[in-house]
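What follows is the residue order along each chain.
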Amino acid sequence: MSYTLIIVIITVIISYSAFSNDQLYNKFILWPKRMDTPNEYYRLLSSGFIHADWMHLIFNMLALYLFGRYVEDYYESLNKHFLFIVLYLGGVIAASLPSFAKHKDDGYYRSLGASGGVAAVLFSFVYFAPWETILIWFIPVPAIIAAIGYLIYSAYMSRKGIGAVNHDAHFWGAVYGFVFTLLFDPTHGRIFLEQVTHPTFNF
């Protein structure tokens with residue numbers, strides 16, 4: 001069984017349990033105001049395994065499943081299959097840290113969801129296959145173009161502070177995923193640069 005599928009199954013089980021268990025929900029959620037001692041820092045990771053509702057859960061897990069399989073294959077081709085787990089879990093934590101720092105004095109702020117880890121996987125995919133076509137609302141777009149737009153949109157929405165979506169998590173999870181892959185790719189970006197400078201479109 002792939003790491004991607006294992007993560008999806010675990011996340012669905014925990015999220016489903018938390019839908020009807022307020023104690024579990026409050027125990028796992030990222031709650032910066034409560035994280036005043038190190039024994040509460042586990043929330044930086046645990047918050048990635050619960051979701052607000054079924055739509056939130058399905059959207060994240062579908063994206064993880066679709067892209068995670070390909071990213072796993074890329075890491076396996078580098079003989080570093082285990083790094084996929086580090087990429088994903090590290091993405092959840094890296095995406096949670098800015099929100100923790102930004103809202104540590106806000107008793108009302110809470111955040112949850114796997115978006116940071118999913119964004120890390122997505123941007124690892126972009127690193128390995130920048131010109132691969134992905135569908136945005138059924139419109140074919142090169143992955144790297146979609147990635148740039150994603151970062152700009154996330155940064156803009158974070159600054160505006162509109163809505164309940166944690167755009168900081170999306171932005172920093174994505175940045176982490178790209179940088180992580182760059183650091184552990186033995187070519188250290190050479191193949192990525194070669195691909196970027198030689199576009200290939202497959203619409």
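Scroll up a little and you will see the structure.
Read on for an overview of the structure. Please read these numbers as outputs of a predicted model, since none were measured by experiment.

Now for the overall build of the protein. A tally of helices and strands in the protein yields 9 helices and 2 strands. Reading the protein from its N terminus to its C terminus gives the helix and strand order α-α-α-α-α-α-β-β-α-α-α. Here the C-alpha radius of gyration of the protein, 17 Å, is about what a compact globule of 203 residues would show, namely 17 Å. Each principal axis of the C-alpha atoms in the protein carries an extent, and together these give about 50 × 40 × 35 Å.

Contact pair helix H4 (residues 54–77) / helix H6 (residues 115–128): the axes reach a minimum separation of 9 Å and the direction vectors enclose 35°. Between H4 and H6 lies a crossing of left-handed hand. Across the interface between the two elements, His56, Asn60, Ala63, Leu64, Phe67, Gly68, Tyr70, Val71, Tyr74 and Tyr75 from H4 touch Ser115, Val118, Val121, Leu122, Ser124, Phe125 and Phe128 from H6. Here the residues of the contact of H4 with H6 are counted per class, giving 12 nonpolar, 5 polar and no charged.

A few words now on the environment of proline 38. Along the chain, the position of proline 38 falls in the loop between helix H2 (22–28) and helix H3 (43–46). In this structure the C-alpha to C-alpha distance between proline 38 and phenylalanine 178, which are 140 residues apart in sequence, comes to 28 Å.

The next thing to look at is the pattern of salt bridges. The final tally for this structure, using the stated rule, is 3 salt bridges. Among the salt bridges present, the one from lysine 102 reaches aspartate 168, with a minimum N-O distance of 3.1 Å. Linking lysine 102 in helix H5 (residues 83–102) with aspartate 168 in helix H8 (residues 167–184), this pair joins segments that are 66 residues apart in sequence. Judged by relative accessible area, which is 13%, aspartate 168 ranks as buried. Put simply, arginine 190 and glutamate 194 hold a salt bridge, and the shortest N to O gap is 3.4 Å. Remark: glutamate 194 and arginine 190 occur in helix H9 (residues 190–196); sequence separation between them is 4 residues, near one turn of the helix.

So, how was this worked out
- Residue numbers here run from 1 along each chain, matching the order of that chain's written sequence.
- Predicted model: local features are reported for residues with pLDDT of at least 70 only, side-chain atom pairs are reported and counted for 80 or more only, and whole-chain, interface and lining totals are derived from all residues.
- Only heavy atoms go into the side-chain values, all of them from the structure, while hydrogens and water stay out.
- A helix here means a DSSP run of H or I that spans at least four residues, while a strand means a run of E at least two residues long, and both kinds are numbered starting from the N terminus.
- Radius of gyration: over C-alpha atoms. The globule rule applied is 2.2 Å multiplied by the number of residues raised to the 0.38 power.
- Orientation is described by lines fitted to C-alpha atoms, with helices fitted over the stretch in contact, and by angles between N-to-C directions that extend from 0 to 180 degrees.
- In this scheme the handedness of a crossing depends on how the near helix is turned from the far one: anticlockwise by less than a right angle means left-handed, clockwise means right-handed.
- Pairs of residues are marked as contacts when any of their non-hydrogen atoms sit within 4.5 Å.
- Ten residue types, Ala, Val, Leu, Ile, Met, Phe, Trp, Tyr, Cys and Pro, are classed as nonpolar, four, Asp, Glu, Lys and Arg, as charged, and the remainder, Gly among them, as polar.
- Just to be clear on terms, a salt bridge is a Lys or Arg side-chain nitrogen sitting within 4 Å of an Asp or Glu carboxyl oxygen.
- Burial here depends on accessible area, computed with a 1.4 Å probe over protein chains only, as a share of the maximum for the residue type. Under 20% is buried, over 50% is exposed, and the range in between is partly exposed.

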